[in-house]
Amino acid sequence: MKLKYTIVLVALVTLPFSCKDINSGEKLNPLQPANQDETAGGWKPIILTNYATQLPLPAPAATNSASYVAEMDVIKKAQSKLTDAQRNTINYWSVGGVLRWNQVVRKLVAQYNLPPAPRGDGSYIFPDAENPFADPQFPFANPPYAARAYSYVSVAQYDALKAAWYYKYLYNRPAPYTVDSGVKALGPTSDLPAYPSEDAVLSGVTAEMLKVLFPTAVEEITLLAADQRNAALWSGKATDSDISAGLALGKAVATIFTANSTGVFTIPGASGASTTTLSVNIATRGRFRTDGIGAAIGNATQWQALADGAVAKGEIPWISQDLPVRPPMLPNFGKVVAWNMSAGQIVSERPGPPPSTSSEEMKTQLQEVKKYSENATREELAIVYKWADGAGTYAPPGHWNDIAAEYISNARWSEVRMARAFALLNMALHDAAVGCWETKYFYFNPRPSQLDPSIKVKTGLPNFPAYTSGHSTFSASAAAVLSYLFPNDAQFFNDQAKEASLSRLYGAIHYRADIEVGLAHGSRIGSYTVNFAKDPQKDGGD
């Protein structure tokens, strides 16, 4: 992947972590699902094609075998000398891996969401995924990059857990604490089969996805993944063989997503004295490598062509207002592959043009922006700051993951259904990024403060064209999916989307047309994912 970005590290304070944009006190409940979704192994995969043939997981040893008895002794010995730190680790992961890893991804996005600094001569160096530790480091987790990252992690987790559920109910090996009364249950209990361990599956698939998305955070990611597997064993949920099988399965799913070549891959999973090896035949390079992200930056010729195209239509083209002038952010992201929309649908759903830069309508809308620039109320400014989501934050897609997290936790869903919810949400957010960026660079419309330099913005001025508003498009797509998942709270989600949209007008960085058209566009984009979820031939989770 040739995409190049930067990184600025934000110090972590404690394990699990803290970050100014993530509420470490986020109330998450211990994982106690009302329903284990026993049939989830029959739900449709998104990237995988067949759980049984692609991921041939061998049967586990019987619970009365000598090897299994020996594994029980390992757990008992570990539980006999648990430290306070180990008990804290068990408690930390007791809310479920899907929710914990979602927090981790939001934290990583916030850490890496800072643009590259200019060099002394006023030029910029783009971070290089092939040399991620160089200065500037990779990635720059801007909103489109963030949306793509959230979506890949969520979809990979969802496919991996469906595969895990397939094997859990195929082999039906119970949890250790139900087999041997000498093994204590130190976390939430359930009748979910233990083989393969869902915790190990999540640790394997998530860590491997995050390593390619945030390669300079590999140490932190690796340690967290190991902690999750340790917690599964220490709590009496899983034996070493449950864990090694889950780890191999999770890593194999990530390999299918990210493989940069074809062939037979040998995927090992190890825990204690147990090793599981999966042989995975990959016929095509992974979607992660072929979705078009490598060309999203474009080049100077393409950037100039965008400006020339706007001039040819009689419009004033967008220009960067950063000093020194910065290249536009990911002008070709609108060509990146979407999850639930074809390239043709991205184009056909593109909104009509904004008011001409020379029109009376544009003058009227510009005056409205200036009014907020000069006379925003305290309440309006509070909304601007609430939804700023700029550099150093988890970006607008992360804001909506944050909103979703407590609803998902409170729903008392199984891990696989939680993964489904985040996958649906983040597929819609990624598609919103693709659709919005396609629109922005098709029209290349200037920001209000470009047309009227007397306008003083109340929040960070994004380095890309105005029409349509990214916040509006992201938010409406998220509200559409969350309203489908939690229909009783649809009004709240739609109100939040409208507030997020208005924040950009109050902040004097968008015209009214940008936010109103962006909301409608985002709602249409979100409906594609809702229709995907409703279709039993495509998803099967309803």
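Cut-offs used in this document
- Residues numbered from 1 in each chain as written.
- Predicted model: local features only at pLDDT ≥ 70, side-chain atom pairs only at ≥ 80, totals over all residues.
- Heavy atoms only, no water.
- Helix = DSSP H or I, 4+ residues; strand = E, 2+ residues; numbered from the N terminus.
- Rg over C-alpha atoms; globule rule 2.2 N^0.38 Å.
- Buried < 20%, exposed > 50% of the residue type's maximum accessible area, 1.4 Å probe, protein only.
- Polar contact = N/O pair within 3.5 Å; in protein donor to acceptor, adjacent residues only side chain to side chain.
- Contact = heavy atoms within 4.5 Å.
- Phe/Tyr/Trp six-rings, centres within 6.5 Å; stacked < 30°, edge-to-face > 60°.
- Lys NZ or Arg CZ within 6 Å of the ring centre and 35° of its normal.
- Arc of directions from axis to C-beta.
- pLDDT = per-residue confidence, 0-100.
- Salt bridge = Lys/Arg side-chain N within 4 Å of Asp/Glu carboxyl O.
- Expected span 1.5 Å × (residues − 1).
- Axes fitted to C-alpha atoms, helices over the stretch in contact; angles between N-to-C directions.
- Left-handed = near helix turned anticlockwise from the far one by under 90°.
- Pairing = 2+ DSSP bridges.

Engineer: How would you explain the overall build of the chain if you had to name every residue and give the values?
Structural biologist: Each helix and strand counted, the chain has 20 helices and 2 strands in total. Compactness check: the chain gives a C-alpha radius of gyration of 24 Å against a globular reference of 24 Å for 542 residues, within 12% of the reference. Summarising its shape, the C-alpha atoms of the chain cover approximately 80 × 45 × 45 Å along the three principal directions. In the chain, which comprises 542 residues, the share counted as buried stands at 59%.

Engineer: How would you explain the side chain of asparagine 426 if you had to name every residue and give the values?
Structural biologist: When you line up the elements, asparagine 426 lands in helix 16 (residues 415-443). Looking at asparagine 426, the relative accessible area reads 1%, which means it is buried. A distance of 2.9 Å separates polar atoms of two side chains, one belonging to asparagine 426 and the other to serine 154. Sequence-distant contacts of asparagine 426, defined by excluding residues within four places in its chain, comprise Ala147, Tyr150, Ser151, Ser154 and Asn401.

Engineer: Account for the packing of aromatic side chains, naming residues and giving values.
Structural biologist: Using the criterion set out here, one finds 26 aromatic pairs in the structure. When the centroid spacing of 5.6 Å and the interplanar angle of 50 degrees are considered together, the rings of tyrosine 407 and phenylalanine 486 count as tilted. Of this pair, tyrosine 407 sits in helix 15 (residues 395-410) while phenylalanine 486 is found in the loop between helix 18 (470-485) and helix 19 (490-506), placing the two residues 79 residues apart along the sequence. Classification of tyrosine 407 by relative accessible area gives partly exposed; the value is 23%. Among the residues examined, phenylalanine 486 registers a relative accessible area of 10% and is labelled buried. One aromatic cluster is present, built from ring pairs that chain together Tyr51, Tyr166, Tyr167, Tyr171 and Tyr195. One residue, lysine 371, lies across the ring of tyrosine 372, its end atom 4.3 Å from the ring centre.

Engineer: Account for helix 3 (residues 84-93), naming residues and giving values.
Structural biologist: Within helix 3, the full set of buried residues consists of Thr89, Ile90, Tyr92 and Trp93. Burial along helix 3 is one-sided: seen end-on, the buried residues are contained in an arc of 160 degrees. Along helix 3, the residues that are exposed and aim more than 90 degrees away from the buried face are Asp84 and Asn88. Next to the buried residues of helix 3 lie helix 4 (97-112) and helix 8 (218-234).

Engineer: So what's going on with the confidence of the model for the chain? Residues and values would help.
Structural biologist: Summing up the model confidence of the chain, the mean pLDDT is 95 and the portion of residues at 70 or higher is 95%. pLDDT under 50 marks residues 1-22. Its contacts with residues more than four places away, or in other chains, come to 82 contacts.

Engineer: Before we move on, could you go through the pattern of salt bridges and cite the residues and values that matter?
Structural biologist: Under the counting rule described, the total for this entry stands at 22 salt bridges. The residue aspartate 242 makes a salt bridge to arginine 173 at a minimum N-O spacing of 2.8 Å. Of the two residues, aspartate 242 is situated in helix 9 (residues 240-258) and arginine 173 in the loop between helix 5 (143-171) and helix 6 (176-179); the sequence distance between them amounts to 69 residues. Each member of the pair, aspartate 242 together with arginine 173, is buried. With a closest N to O distance of 3.2 Å, arginine 420 and aspartate 542 form a salt bridge.

Engineer: Residues and numbers for unusual backbone geometry, please.
Structural biologist: A cis geometry characterises the amide bond from aspartate 135 onward to proline 136, with omega recorded as 0 degrees. Secondary-structure assignment places proline 136 in the loop between helix 4 and helix 5. Here the residue pair tyrosine 467 and threonine 468 is connected by a cis peptide bond, since its omega of 5 degrees sits within 30 degrees of zero. Along the chain, the position of threonine 468 falls in the loop between helix 17 (448-451) and helix 18. The backbone of aspartate 389 shows a phi angle near 50 degrees, a positive value even though the residue is not glycine. Here aspartate 389 is to be found in the loop between helix 14 (378-386) and helix 15. A positive phi angle, close to 70 degrees, is found at alanine 395, a residue other than glycine. Relative to the assigned elements, alanine 395 resides in helix 15. Under the relative-accessibility criterion, alanine 395 is labelled buried at 0%.

Engineer: Please give an account of helix 4 that cites residues and values.
Structural biologist: Note: α-helices contain 3.6 residues per turn, so residues at a spacing of three or four share the same orientation. With 16 residues, helix 4 should reach 22 Å at 1.5 Å per residue; the first-to-last C-alpha distance of 22 Å fits that figure. Here helix 4 lies mainly inside the structure; 16 of its 16 residues are buried.

Engineer: Any details on the environment of leucine 451? Residues and values, ideally.
Structural biologist: Looking at the secondary structure, you find leucine 451 in helix 17. Counting along the chain gives 133 residues from leucine 451 to tryptophan 318, while the straight-line C-alpha distance between them is 9.4 Å. Setting aside residues up to four positions removed in sequence, leucine 451 forms contacts with Ile316, Met362, Leu366, Pro446 and Tyr511.

Engineer: Can you explain the packing of helix 18 against helix 20 (residues 512-534)? Please cite residues and give values.
Structural biologist: As a packed pair, helix 18 and helix 20 sit with axes 6 Å apart at the nearest point and diverge in direction by 35 degrees. Considering the relative orientation of helix 18 and helix 20, their crossing is right-handed.

Engineer: I'd love a proper account of the pairing of strand 2 (residues 274-282), names of residues and values included.
Structural biologist: The two faces of a sheet get side chains in turn, since along a regular strand they alternate between them. Only one face of strand 2 is covered, namely the face carrying Ser274, Thr276, Leu278, Val280 and Ile282; the face carrying Thr275, Thr277, Ser279 and Asn281 is uncovered. Taken together, the 9 bridges between strand 1 (residues 263-271) and strand 2 define a ladder with antiparallel strand orientation. When the sheet's bridge partners are listed, valine 264 is paired in strand 2 with asparagine 281. In sequence, strand 1 turns back onto strand 2 through a hairpin of 2 residues, with glycine 272 there showing a positive phi of about 55 degrees.

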